Amino acid sequence: MSKVGFIGLGIMGAPMAGHLRAGGHELCIYDVKPAPKSLTDQGAVVCGSAKEVAEKSDIIISMVPDTPHVAAVLFGENGVASGLSQGKIVIDMSSISPIETKRFAQKINVLGCQYLDAPVSGGEVGAKAASLTIMVGGPEDAFKRVKPLFELMGKNVTLVGGNGDGQTCKVANQIIVALNIEAVGEALLFASRMGADPARVRAALMGGFAASRILEVHGERMVKRTFDPGFRIELHQKDLNLALQSAKALGLSLPNTATAQELFNACVAHGGKAWDHSALVRALELLANHEIGQKTPAMLD
Ligand code: NAD
């Protein structure tokens, strides 16, 4: 059994840490907010800083919102780096910049410790069900050492490559998801404006080549008009920013990712930063002056 530290106990971190404790590991926890009762009831030890977590643990996991939060957790005052000693492994499971991740890994390596970037896909549902997809970047020996911990939190655990490649994989995931939402939104909007029943169109398409998890889950949200999160638009904007900033640094054009980001921006302009990301369709609806399911005369009526 390992001594595991967990920093960042929000929507994702709390259930993930709970699975590690339920798996029999010693667990030290820290968040700037009070520790969740579910974890203290399980016997987790609450620490007063990220430094204390690093001192008391052999494997230290962070799950915080964005790149600056990870920088603060690792290298800020009373951060993980100030509590590390040789041979420990630092794992960041947040979704953050692949470029900064490579820098963070180098700074941790200088201290005689290994670093893994291990962002996840699967959302709150996957975190609670321990069915997350985990995309890992870093050295293979460190990956092999901590794989049993990943398997307590997720089902599909893959070593993608070196440090930063896990985060790159997650950004790629978010590009696919955003463009899929956009495609499903355009298709259902088109069908609805033509006068067809969007619910039946979705059901028919689920049997064919256009079927996808996005059509299944988010297509249903678009038809039923249920846009409570889920995954908030502001978090998806953060991920597409990572894609677009990295692409700019590389001189790489991602035209449809940029369009999806513009559509998210339009949602935010209408008060939607906390809407579920499937609500991207609302920006398309504004452009079309038509809402999916709305009864308007079709072209040839
Ligand atoms: P969240 O806001 O619910 O939780 C983040 C936690 O980190 C909070 O409890 C916050 O207090 C804590 N925190 C922030 N700064 C800290 C610091 N300096 N020291 C200690 N604790 C600190 O966010 P979440 O939804 O759990 O997401 C976490 C990460 O997982 C994000 O990068 C997100 O993009 C990613 N992610 C989220 C989902 C999802 O569906 N929510 C899915 C996949 C990936």
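Chemist: Sorry, what's going on with the pairing of strand β1 (residues 3–7) here?
Modeler: Along a regular strand, successive side chains alternate from one face of the sheet to the other. Across the five residues that make up β1, a large majority, four, are buried. Across five bridges, β1 lies against strand β2 (residues 26–30) in parallel orientation. Bridge pairing in β2 links F6 to I29. Taken together, β1, helix α1 (residues 13–22) and β2 constitute a β-α-β crossover, and its handedness is right-handed. The sheet contact formed by β1 and strand β4 (residues 59–62) spans four bridges and is parallel. Bridge pairing links G5 to I60 in β4.

Chemist: How do you make sense of the packing of aromatic side chains when you look at a structure like this?
Modeler: Each aromatic ring pair is characterised by the separation of its centres together with the angle its planes make. Counted according to the given criterion, the structure contains two aromatic pairs. Ring geometry for F75 against F104: centres 5.6 Å apart, planes inclined by 50 degrees, an arrangement best described as tilted. On the criterion of sequence distance, the pair formed by F75 in helix α4 (residues 67–75) and F104 in helix α5 (residues 98–110) is long-range, its members being 29 residues apart. Ring plane angle 35 degrees and centroid distance 6.3 Å describe the contact between F143 and F150, whose orientation is recorded as tilted. Assessed through its relative accessible area of 1%, F150 is described here as buried.

Chemist: Would you take a moment to explain the packing of helix α12 (residues 255–269) against helix α13 (residues 280–288) for this structure?
Modeler: How two helices pack is summed up by the angle between their axes together with the distance between the axes. Closest axis-to-axis distance for the α12/α13 pair is 8 Å, and the angle between their directions is 85 degrees. Relative to α13, the element α12 lies roughly perpendicular. Residue-level inspection shows A260, L263, F264, A266 and C267 of α12 in contact with α13, the latter providing L280, A283, L284 and L287. Here the residues of the contact of α12 with α13 sort into nine nonpolar, no polar and no charged.

Chemist: Looking at this model, I keep getting lost on the packing of α4 against α5. Mind explaining?
Modeler: Look at α4 against α5: their axes get within 11 Å of each other, and the N-to-C directions meet at 5 degrees. The orientation of α4 with respect to α5, classified from their angle, is roughly parallel. Here T67, V70, A71, L74 and F75 of α4 lie close against α5, whose contacting residues are E100, F104, K107 and I108. Grouping the amino acids of the contact of α4 with α5 by side-chain chemistry returns six nonpolar, one polar and two charged.

Chemist: Where do I start with the site of the ligand in this structure?
Modeler: The local shell around the ligand holds 23 residues, among which I11, M12, D31, P65 and K238 are the closest. For the ligand, an oxygen atom lies 2.7 Å from a polar atom in the side chain of D31. P65 is positioned such that a nitrogen or oxygen atom in its backbone is 2.7 Å from an oxygen atom of the ligand. Its free accessible area being 840 Å², the ligand has 89% of it covered by the protein chains. Looking at the shell around the ligand, the elements that each hand over two or more residues are α4 and α6 (123–129). Partitioned by chemical class, the residues of the shell around the ligand number 12 nonpolar, six polar and five charged.

Cut-off values and rules
- Residues numbered from 1 in each chain as written.
- Predicted model: local features only at pLDDT ≥ 70, side-chain atom pairs only at ≥ 80, totals over all residues.
- Heavy atoms only, no water.
- Buried < 20%, exposed > 50% of the residue type's maximum accessible area, 1.4 Å probe, protein only.
- Helix = DSSP H or I, 4+ residues; strand = E, 2+ residues; numbered from the N terminus.
- Pairing = 2+ DSSP bridges.
- Right-handed = clockwise from strand over helix to strand, strands pointing away.
- Phe/Tyr/Trp six-rings, centres within 6.5 Å; stacked < 30°, edge-to-face > 60°.
- Axes fitted to C-alpha atoms, helices over the stretch in contact; angles between N-to-C directions.
- Parallel < 35°, antiparallel > 145°, perpendicular 65-115°, else oblique.
- Contact = heavy atoms within 4.5 Å.
- Nonpolar A, V, L, I, M, F, W, Y, C, P; charged D, E, K, R; others polar.
- Near = heavy atom within 4 Å.
- Polar contact = N/O pair within 3.5 Å; in protein donor to acceptor, adjacent residues only side chain to side chain.
- Areas by Shrake-Rupley, 256 points an atom, 1.4 Å probe, with all protein chains shown as cover.

Honestly, it's all geometry; don't read function into it.
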